[in-house]
Amino acid sequence: MTETLSVPAKMPVRLRVNGQNRDLLIEPSASLLQVLREDLALTGTKEVCLLGSCGACTVLIDGKPALSCLVLAMACRGKAITTIEGLMEGGDLHPLQQAFIDKGAVQCGYCTPGMVMVGKALLDEKPNPTAEEARQAIAGNLCRCTGYQQIVEAIVAAPEIARTGSAKRPAGLMDSGPYLMPETGE
Amino acid sequence: MNKLNEYAVIGKKTTKTDAVAKVTGGARFATDIYLPNMLWAKVLRSPVPHARILRIDTEKAKKLDGVKAVLTAADVPEARYGALVLDMGMFARGKVRYIGEAVAAVAAVNEEIALAALKLIEVAYEPLPAVFDPLEAIKPGAPILHEDLKSYKTLFERTDKAMTGNVNYQAEITSGDLEAGFAQSDYIFEDSYEVPKQHPSYMEPNSTVALVDSDGRLVIHNTTQRPHINQAILSSLLGIPIAKIRVVPCHVGGGFGGKNRTLTEPTAAALALKTRQPVRLTFSHEEEFTSATTRHSGVMVMKTGVKKDGTLVASDVKLYYDCGAYAPTPNAVWLGAISSSGAYRIPHCRVEAYSIYTNKMMGGAFRGYGAPQSNFARESQMDRIARELKIDPIELRLKNCLVEGDSLHTGQKLHSVKVKETLLKARELSGWGKGRVPANRTLGVACGIFACGGFATSGIVRLNMDGTATVATGAMDMGQGLRTVMGQIAAEELGMAAEDVTVIIGDTDSTPFDVGIFGDRGTHTAGMAVQMAAQDARKQLVEQAAFAFKTTPNNIVLGGGKARLASDPDKVLDYKDLLGGGQYKKGGPIIGKASINLTETAFDPAIVRGAASRMFSTYTFATHIVEIEVDPKTGVVRVPKTYAVHDCGTVVNPDGLRGQIIGGLATGLGYALYEGVAFENGQVQNPSFLECRPPTAVDMPEIVFDTVEEFDEKGPFGAKGVGNVSVINMAPAIANAVETATGVRVTSLPITPGKIVQGLGQLAKEEA
Ligand code: FES
Ligand code: FES
């Protein structure tokens, strides 16, 4: 005889993620993190501790950084959610993304989405943060690789990149055009 | 010997190849894989530290709707694995030996059902006496963890103390005449030091997705530092030929040695083979802290004989490293033994190094690998010697430090030794002894040595028709930037731009063998193979160019993606024309290859017994000086500034090097002040980042960083590693500064406020 586990009924919800409305059927107890990753396939937001202690799951809710592992998806109805996947504009990197690349602020990259989101929230509030302000802003985000220095430098450098418009369209397949067979000679 | 100016790519700012993917959220990690039909695996773990398993009943769990498979030791081949000592199977068999050991695993259609099924598995245990302290574990009459230890297969030369009682791996180093050395000494210092387990705390948990593909091959998507060794271990555990297994690692969310393991792969693979569905096994945050591997905890006893003028004469060291219930990498204590004489010339040495079983979670590899422990002892004691002999700590170190041509206590003759230069430069940067530090701050120094490079690796460089190159290495990038550095090395050798080189890593189908990335062998050893493969390709390219120009190879100059005639530099051919324009007639497609093993010389058995490796390629050195503040009331230590000077050979990627060093210092800072897995009867007391916290951005000092000019003739373009030595000096440097500031000598890690306050109380009592 097989036993069956009882599962709570799913409920409909409309979420606004990265500027788009998404209609979903979710468990009422699902965290925003879970819904982003599993229902919306937005896996850029990372899951690490589920305790609110690492910051890897940070997204912006109405422009403010929030730990998506501690927020119920249901509670986000009517709010604007921004994830790391929503930062590029018209195919260009966000200046802060460019700054992370230029300053060598990325190693393994697992903390990076959370760090970038926290950094973006800071820049939206204070367009020219000092190194100390940047350091305080990321104090709740753990990174085991970098020792944080280059992340702080990236946040401080982002405004200059925004001013000079030097954020680039990332090179890669999308820019390389059609692949043609080279001449094979004689 | 500065050759940097000659290079086009080496030493130049080069963007990390995976940076765009990682800042946009596009980089795929093993935890990001969700496949159709994928099952979720969960592991039932032992709740007791030591017990006989009387019975396991999985029937109820198997009947739960949605459960597809339940496995225990009875369902898998009886095979064991390990780096030197083959002692661990996929599941506990007959006995459990630590809280958190895998007893059974379930695959179900979702995580909730898998977890519910675990609760339905009934296990009857008969508790056995347990032992948690390595020094207790080696006493006669201690509970024995592995009764059949002697029969286990080992991959090292066993000493008579190895594989007896609770000692698994053991090594001894003896050089000079210890007794004569102590007899010649004016003073003898004897101290004991203790260190806890430190979790690697990579952000990404261990995770594997295993599946059987349409050709019937086992495919593994995981997070690992050693795909080719994963493949070999899976083959031996599951009885499948290596070629029928493909390991395709994803981006690795930090490894630091902790992912030089095979933890989730076998279980996920066995479940996938059983169910013929993709299976994902991801460790929970708590499982990371109870069932992954940590830096070895241990006790170091150090007796050192010194002349009045501070000359080190004799050293007798005993290292007791606690490897927990299994010994996946007891080599840690071997590396600890190598670093235990510090970066010093000591003519008469003995080291006895033990890896000891206790009923605790496993000790494994973690950045610094064995050296943070022994260097904490060595460098703490060096300061005690300096204090008692009233010699400046840096002067004492300069007097004894190794120089070019010296031999280590293991008998290995050293080249590329610039520890003295790191000491001098750090002294100058920090203003040591110049009264420049603010009144509330105190300086502390430590230097260290770490073995760099070696073991087997290989590389393949293919030149493509469009003038680009594809490099394949079995070495992994765990975030440190190996892919970028391999690309730079190949680009330099081939005379191409870094962007024109694409580096493939890890995938065992498309990359050649590498033994795993550890021990500073990424840039150095994998880099050497890539350089040699690129040289091979370059030679063929020169021949093709000579054929095209109807000249001899020595009349060809390569560079900037073009081949030229030396005799007539206006005669130019782009690589793309050379490679794509029908030149394949001559010699066929260009494939450069190299297979190397940089550890070919064995240690002298008269000096070293029980060696876990052959001689390392080279050694790296560093000096770190910390500036600290101690609050005498609360005992809280802050480290506002740190000076770090490294001897790392040629700098290949400046941003990468800086990030590596600062990251290493952060891990060293955590080891010194905050981290330490706490146990109560074998149960981890602080299994999360909340309770066992790595340093945050606001804990980090301002870092003044420099390198000394050096060219290691055995490394690619003169480069050596940097990842490990950056970790090993922080704890002793901070302990040394704390004693200068407060008079309190803390001999165990972490250096908590409580220990300082207690020490101050003790000092006050002694004065009264
Ligand atoms: S996963 Fe949300 S804070 Fe760690
Ligand atoms: S880059 Fe690896 S954790 Fe931050």
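Since the model is a prediction, treat every value here as computed from it, not as a measurement. (Residues numbered from 1 in each chain as written. Chains lettered and ligands numbered in written order. Predicted model: local features only at pLDDT ≥ 70, side-chain atom pairs only at ≥ 80, totals over all residues. Heavy atoms only, no water.)

Draft legend 1. Geometry of the overall build of chain B. Scanning chain B from N- to C-terminus turns up 18 helices and 29 strands. Relative to the globule expectation of 27 Å for 768 residues, the C-alpha radius of gyration of chain B, 27 Å, shows essentially globular dimensions. In chain B, which comprises 768 residues, the share counted as buried stands at 66%. Sequence-distant contacts, at least 24 apart, represent 79% of the contacts inside chain B between residues at least 6 apart. As displayed, chain B has an accessible area near 26000 Å², and 51% of this comes from carbon and sulfur atoms. Averaging the locations of the 82 positively and 83 negatively charged side chains of chain B gives two centres separated by 2 Å. (Helix = DSSP H or I, 4+ residues; strand = E, 2+ residues; numbered from the N terminus. Rg over C-alpha atoms; globule rule 2.2 N^0.38 Å. Buried < 20%, exposed > 50% of the residue type's maximum accessible area, 1.4 Å probe, protein only. Contact = heavy atoms within 4.5 Å. Areas by Shrake-Rupley, 256 points an atom, 1.4 Å probe, with all protein chains shown as cover. Lys, Arg positive; Asp, Glu negative; His and termini not counted. Charge placed at Lys NZ, Arg CZ, Asp CG, Glu CD.)

Draft legend 2. Representation of the interface of chain B and chain A. Across the contact, 60 residues belong to chain B and 55 residues belong to chain A. Roughly 4700 Å² of surface becomes buried between chain B and chain A when both sides are summed, with 60% attributable to carbon and sulfur atoms. It is Val23, Met203 and Ala697 of chain B that lose the most area in chain B upon contact with chain A, and together they represent 15% of the buried surface on that side. Inspection of the chain B/chain A interface yields four salt bridges. For the salt bridge of Arg144 of chain A with Glu675 of chain B, the shortest nitrogen-to-oxygen distance reads 2.7 Å. In this assembly, chain B and chain A are joined by 20 residue pairs in polar contact (both at pLDDT 80 or more). It is helix α16 (residues 654-674) of chain B that contributes the most residues to the side of chain B that touches chain A, eight residues altogether. Across the side of chain B that touches chain A, the residue classes break down as 27 nonpolar, 21 polar and twelve charged. (Buried area = accessible area lost by both parts, 1.4 Å probe. Salt bridge = Lys/Arg side-chain N within 4 Å of Asp/Glu carboxyl O. Polar contact = N/O pair within 3.5 Å; in protein donor to acceptor, adjacent residues only side chain to side chain. Nonpolar A, V, L, I, M, F, W, Y, C, P; charged D, E, K, R; others polar.)

Draft legend 3. Expanded view of the packing of aromatic side chains. Residue and element names in this part refer to chain B. Taken as a whole and judged by the stated rule, the model has twelve aromatic pairs over all chains. Ring geometry for Tyr7 against Phe717: centres 5.1 Å apart, planes inclined by 80°, an arrangement best described as edge-to-face. Note that Tyr7 is positioned in the segment before α1 (19-23) and Phe717 in the loop between β29 (702-707) and α17 (730-742), a separation of 710 residues in sequence. Residue classification places Phe717 among the buried positions, given a relative accessible area of 10%. On the numbers, 5.4 Å between centres and 85° between planes, the contact of Trp334 with Phe603 is edge-to-face. (Phe/Tyr/Trp six-rings, centres within 6.5 Å; stacked < 30°, edge-to-face > 60°.)

Draft legend 4. Focus on the side chain of Glu288 of chain B. Residue and element names in this part refer to chain B. One can find Glu288 in helix α8 (residues 285-291). It is Lys259 that comes nearest to the buried, bridge-free Glu288 among opposite-charge side chains, at 6.4 Å. Polar side-chain contacts of Glu288 include one of 2.6 Å to the side chain of Tyr202. Excluding anything up to four places from it in sequence, Glu288 contacts His199, Tyr202, Pro205, Asn206, Phe283 and Met361.

Draft legend 5. Fine view of the packing of helix α2 (residues 95-102) of chain A against helix α3 (residues 112-125) of chain A. All names here are of chain A. Between α2 and α3, the least distance of the axes is 10 Å, while the angle of their chain directions is 125°. Considered as vectors, α2 and α3 are oriented oblique to each other. Between α2 and α3 lies a crossing whose hand is right-handed. Between α2, through Leu96, Gln97 and Phe100, and α3, the contact on the second element is made entirely by Thr112, Met115, Val116, Gly119, Lys120 and Leu123. (Axes fitted to C-alpha atoms, helices over the stretch in contact; angles between N-to-C directions. Parallel < 35°, antiparallel > 145°, perpendicular 65-115°, else oblique. Left-handed = near helix turned anticlockwise from the far one by under 90°.)

Draft legend 6. Representation of the pairing of strand β1 (residues 39-45) of chain B within the structure. All names here are of chain B. Burial of β1 is extensive: seven of the seven residues sit out of reach of the surface. Burial along β1 is two-sided: the face carrying Leu39, Ala41, Val43 and Arg45 and the face carrying Trp40, Lys42 and Leu44 are both buried. In this sheet, strand β12 (residues 279-282) lies alongside β1 in parallel orientation, the contact comprising two bridges. What sits directly across from Trp40, in β12, is Arg280. Pairing of β1 with strand β5 (residues 102-108), which is carried by six bridges, proceeds in the antiparallel orientation. Following the sheet pairing, Arg45 is matched in β5 by Ala102. (Pairing = 2+ DSSP bridges.)

Draft legend 7. Representation of the domain arrangement of chain B within the structure. Residues and elements named next belong to chain B. Its domain assignment divides chain B into domain 1 (4-26 + 454-597), domain 2 (33-128 + 200-291) and domain 3 (300-357 + 370-405 + 414-447 + 617-767). Each partner contributes residues to the interface: domain 2 has 19 residues there, and domain 3 has 19 residues. The largest per-residue losses of area from domain 2 upon contact with domain 3 belong to Asp87, Ile99 and Phe289, which jointly make up 32% of the total buried on that side. The tally of links between domain 2 and domain 3 comes to six residue pairs in polar contact (both at pLDDT 80 or more). (Domains from an automatic or database assignment.)

Draft legend 8. Molecular detail of helix α6 (residues 227-238) of chain B. All names here are of chain B. Taking 1.5 Å of rise per residue, the twelve residues of α6 would be expected to cover 16 Å, and the 16 Å separating its terminal C-alpha atoms lies within 8% of that figure. Of all twelve residues in α6, ten are buried; the element is thus mostly enclosed. Taken as a whole, α6 has its buried residues at Pro227, His228, Ile229, Asn230, Gln231, Ile233, Leu234, Ser235, Leu237 and Leu238. Residues of α6 that are buried sit in contact with β10 (218-222), β11 (245-247) and α7 (265-275). Backbone geometry just downstream of α6 places Gly239 in the positive-phi region, at approximately 70°. (Expected span 1.5 Å × (residues − 1).)

Draft legend 9. The sheet that holds strand β21 (residues 562-565) of chain B, seen in detail. Residue and element names in this part refer to chain B. Reading across the sheet, the three strands line up as β20-β21-β22 and stay open at both edges, with antiparallel pairing between neighbours. For this open sheet the edge positions go to β20 (556-559) and β22 (572-574), each flanked by a neighbour on one side alone. Taking the axes of each pair of neighbouring strands and ignoring which way they run, one obtains an average angle of 20° across the sheet. Sheet analysis places β20 next to β21, joined by four bridges and oriented antiparallel. Looking at β21, one finds that Gly559 is bridged to Lys562. Lying on the sheet, helix α14 (residues 522-549) is in contact with β20, β21 and β22; it crosses β20 at an angle near 125°.

Draft legend 10. Geometry of unusual backbone geometry. All names here are of chain B. In this model, Leu749 is joined to Pro750 through a cis peptide bond whose omega is -10°. Mapped onto the elements, Pro750 comes out in the loop between α17 and α18 (753-767). Positive phi values are uncommon outside glycine, yet Lys390 reaches one of about 55°. Of note, Lys390 is situated in the loop between α10 (371-389) and α11 (393-400). Positive phi, normally seen in glycine, also occurs at Asn681, with a value near 45°. With relative accessibility at 54%, the residue Asn681 sits in the exposed group.

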